[in-house]
There are 2 protein chains.
Amino acid sequence: MTETAVGPIRIVLADDERMVRTALRVILSAEPGLEVVGEAASGAEAVSVVRELRPDVVLMDVRMPEIDGIRATEQILRTLADPPRIVVVTTFENDSYVYEALRAGASGFLLKRADADSLVQAVRLVARSDSLLFPAAVRALAAEHGRAKPAPPAWVARLTSRESEVLRLMAAGLTNAEIAGRMGVGPATVKTHVASVLAKTGARDRTQAVIAAYEAGFMNTD
Amino acid sequence: MTETAVGPIRIVLADDERMVRTALRVILSAEPGLEVVGEAASGAEAVSVVRELRPDVVLMDVRMPEIDGIRATEQILRTLADPPRIVVVTTFENDSYVYEALRAGASGFLLKRADADSLVQAVRLVARSDSLLFPAAVRALAAEHGRAKPAPPAWVARLTSRESEVLRLMAAGLTNAEIAGRMGVGPATVKTHVASVLAKTGARDRTQAVIAAYEAGFMNTD
DNA sequence: ATCCGGGTCCGCCGCGCGGGGGAGGGGGCT
DNA sequence: AGCCCCCTCCCCCGCGCGGCGGACCCGGAT
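Okay, so let's go over this structure.

Reading the values: the criteria
Residues numbered from 1 in each chain as written. Chains lettered and ligands numbered in written order. Predicted model: local features only at pLDDT ≥ 70, side-chain atom pairs only at ≥ 80, totals over all residues. Heavy atoms only, no water. Near = heavy atom within 4 Å. Polar contact = N/O pair within 3.5 Å; in protein donor to acceptor, adjacent residues only side chain to side chain. Helix = DSSP H or I, 4+ residues; strand = E, 2+ residues; numbered from the N terminus. Nonpolar A, V, L, I, M, F, W, Y, C, P; charged D, E, K, R; others polar. Core = buried A, V, L, I, M, F, W, Y, C linked by side-chain atoms within 4.5 Å. Buried < 20%, exposed > 50% of the residue type's maximum accessible area, 1.4 Å probe, protein only. Contact = heavy atoms within 4.5 Å. Axes fitted to C-alpha atoms, helices over the stretch in contact; angles between N-to-C directions. Parallel < 35°, antiparallel > 145°, perpendicular 65-115°, else oblique. Pairing = 2+ DSSP bridges. Salt bridge = Lys/Arg side-chain N within 4 Å of Asp/Glu carboxyl O.

### Some remarks on the protein's contact with DNA strand C
- DNA strand C sits among 17 residues. The nearest are Lys-191 and Arg-206 of chain A together with Thr-160, Arg-162 and Gly-186 of chain B.
- Within the side chain of Thr-160 of chain B, one N or O atom sits 2.4 Å away from a phosphate oxygen of DNA strand C.
- One nitrogen or oxygen atom from the side chain of Arg-162 of chain B is found 2.6 Å from a phosphate oxygen belonging to DNA strand C.
- Those elements that place two or more of their residues in the surface near DNA strand C are α11 (187-201) of chain A together with α9 (161-170) and α11 (187-201) of chain B.
- Broken down by element, the surface near DNA strand C gets its largest block of residues, four residues, from α11 of chain B.
- Looking at the surface near DNA strand C, its residues break down into four nonpolar, eight polar and five charged.

And the structure:
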């Protein structure tokens, strides 16, 4: 409502491939009310161009030299007052960057294979309302997802394959004898491995070792 | 691209408040290329109306009598071949229903306070491309979030306050003696509680009890 | 009034577990 | 050839733990 009256939607394109930028420019410029005011071929350039031109919308590729689209998005949203809406452009919709982009504050996503009309309307929609199709709840969800897996503790990598196996079975609630049976080795061997696991995890007993495994997200690594 | 040529976008409104339906109808009908073909005042009605009219887009309120919007969405997407895009209408954007709606397969969200232009463009956009602003990755994220906390097992509620306390300390890696000290009771008392916890959790030893606590999300309940 | 369940304690017993040490074999690195 | 790590297995010892039975107090339900 606010920007519709004051003039056209001002757009900056950030993509390292010239052809992509040209294609987008052609599509968007043909549309009344849309104006492509600048381009950038890298993340760093995107940040400075946006800082200078203050567009309403940025179409940001994820894979770019110097700084990728995610960090460029972060920098723009963090450093600018009244920042533009940022639409992230990806090739694959199950791209892992999607999470990070959401967390970084992207307002929308576009697939590179999207047709012209979708592109135009996505830009229009995003320029008007940031949270229309991306509720705060979704963003919170992404944030949660991100900070849920921060630290795979150092000791995980130090476990030998056998020790990992033993820890996994410990964390399944098996006794040493059961683990021995399951692994086809003697109980004494299992005890040795358990002792190593306790030492490496800094655990006092098997219970603490299991706790460490869970806290480390060790059980999710299936 | 496909539907634009073959005719107007056919819309069904599902909301238990007549005023909301009327308002939406007025806004959408005034727009060229959009046509409101039907209305429903409940989730159940929405399912049958959609099944009969086969619209392109459904605007679905979450809170409705009989069947809520979420389950109506599920039913529609599950039972119909070539189902319509469903846009969920919520009052608050951090509504917890957002997760479930995403998991149910909703293509977009609208706030009831959205302005007319946003509404129209959201409908247009969603009619054209389902996954444009909701990548598969986001949907997967919601699904993961959903099945992460489905079952707070029955035994959790059956624990007495003292037993919960003991289990929490067990899951912190403390020995019975340490728990006794921390709780200001005798070691024998702790042993009694531990025995109760083991019985209720179906655990064989404290390790399995701790596992049960983690699996039940018992440790997140801080 | 009785009963029941939660919380608090106490003993005894057996066993799985953890700590310590030793020993042999295989594979990789130098 | 050495060396070291990993895997394998053995002994003994001590203790925390889990299973059993019994006891008391108290508050609420019957």
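Continuing now.
### What to know about the nonpolar core
- Leu-167, Met-170 and Ile-179 of chain A together with Leu-167 and Met-170 of chain B are the most contacted members of the largest nonpolar core, which totals 50 residues.
- For this core, the secondary-structure elements that each account for two or more residues are α9 (161-170), α10 (176-183), α11 and α12 (206-215) of chain A together with α9, α10 (176-183), α11 and α12 (206-215) of chain B.
- With near-sequence residues (within four places) excluded, Met-170 of chain B lies in contact with Thr-207 and Ile-211 of chain A together with Ile-179, Val-194, Val-197, Arg-206, Ala-209 and Val-210 of chain B.
- One finds Leu-24, Val-57 and Val-89 of chain A together with Val-120 of chain B within the second-largest nonpolar core, a separate group that totals 40 residues.

### Here's the deal with the packing of helix α4 (residues 69-79) of chain A against helix α5 (residues 97-104) of chain A
All names here are of chain A.
- Closest axis-to-axis distance for the α4/α5 pair is 9 Å, and the angle between their directions is 5°. Classified by the angle their axes make, α4 and α5 are roughly parallel. Within the contact between the two elements, α4 uses Ile-70, Thr-73, Glu-74 and Leu-77 and α5 uses Tyr-97, Glu-100, Ala-101 and Ala-104.
- The residue makeup of the contact of α4 with α5, split by class, is five nonpolar, one polar and two charged.

### Observations concerning α9 of chain A
- Regarding α9 of chain A, the residues found buried are Glu-163, Ser-164, Val-166, Leu-167, Leu-169 and Met-170 of chain A.
- The secondary structure elements touched by the buried residues of α9 of chain A are α8 (154-158), α10, α11 and α12 of chain A together with α12 of chain B.

### Some remarks on the sheet that holds strand β4 (residues 85-90) of chain A
Residues and elements named next belong to chain A.
- If you trace the five strands from one edge of the open sheet to the other, you get β2-β1-β3-β4-β5, paired in parallel fashion. In the strand order of this sheet, the two ends are held by β2 (34-40) and β5 (108-111), each with one partner. Pairwise comparison of adjacent strand axes, ignoring direction, gives a mean angle of 25° for this sheet.
- Taken together, the four bridges between strand β1 (residues 9-14) and strand β3 (residues 57-61) define a ladder with parallel strand orientation. Its bridge partner lying in β3, Ala-14 is registered against Met-60.
- Of the strands in this sheet, β1, β2 and β3 touch helix α3 (residues 43-53), which is tilted by about 140° from β2.
- Relative to β3, α4 is tilted by about 155°, and along the sheet it contacts β3 and β4.

### Side note on the protein's contact with DNA strand D
- DNA strand D sits among 17 residues. The nearest are Thr-160, Gly-186 and Thr-189 of chain A together with Lys-191 and Arg-206 of chain B.
- Near-protein atoms of DNA strand D (within 4 Å) split between backbone and bases, with sugar and phosphate holding 68%.
- The separation between a phosphate oxygen of DNA strand D and a polar main-chain atom of Gly-186 of chain A is 2.4 Å.
- Between DNA strand D and the protein, one listed contact pairs a base oxygen with a side-chain N or O atom of Lys-191 of chain B at 2.5 Å.
- Top element by residues in the surface near DNA strand D is α11 of chain A. It accounts for four residues.
- For the surface near DNA strand D, the residue count by class is four nonpolar, eight polar and five charged.

### Some remarks on the pattern of salt bridges
- Tallying each qualifying case throughout the model produces 16 salt bridges over all chains.
- Arg-25 of chain A is the salt-bridge partner of Glu-39 of chain A, the closest N and O atoms lying 2.6 Å from each other. One end of the pair, Glu-39 of chain A, is in strand β2; the other, Arg-25 of chain A, is in helix α2 (residues 18-29), with 14 residues separating them in the sequence.
- Arg-25 of chain A sits in the partly exposed class, given a relative accessible area of 30%.
- For the salt bridge of Arg-204 of chain A with Glu-178 of chain B, the shortest nitrogen-to-oxygen distance reads 2.7 Å. A residue pair is termed interchain when its members come from two chains, as with Arg-204 of chain A in the loop between α11 and α12 and Glu-178 of chain B in helix α10.
- Where salt bridges share partners, they join Asp-15, Asp-61 and Lys-112 of chain A into one cluster.

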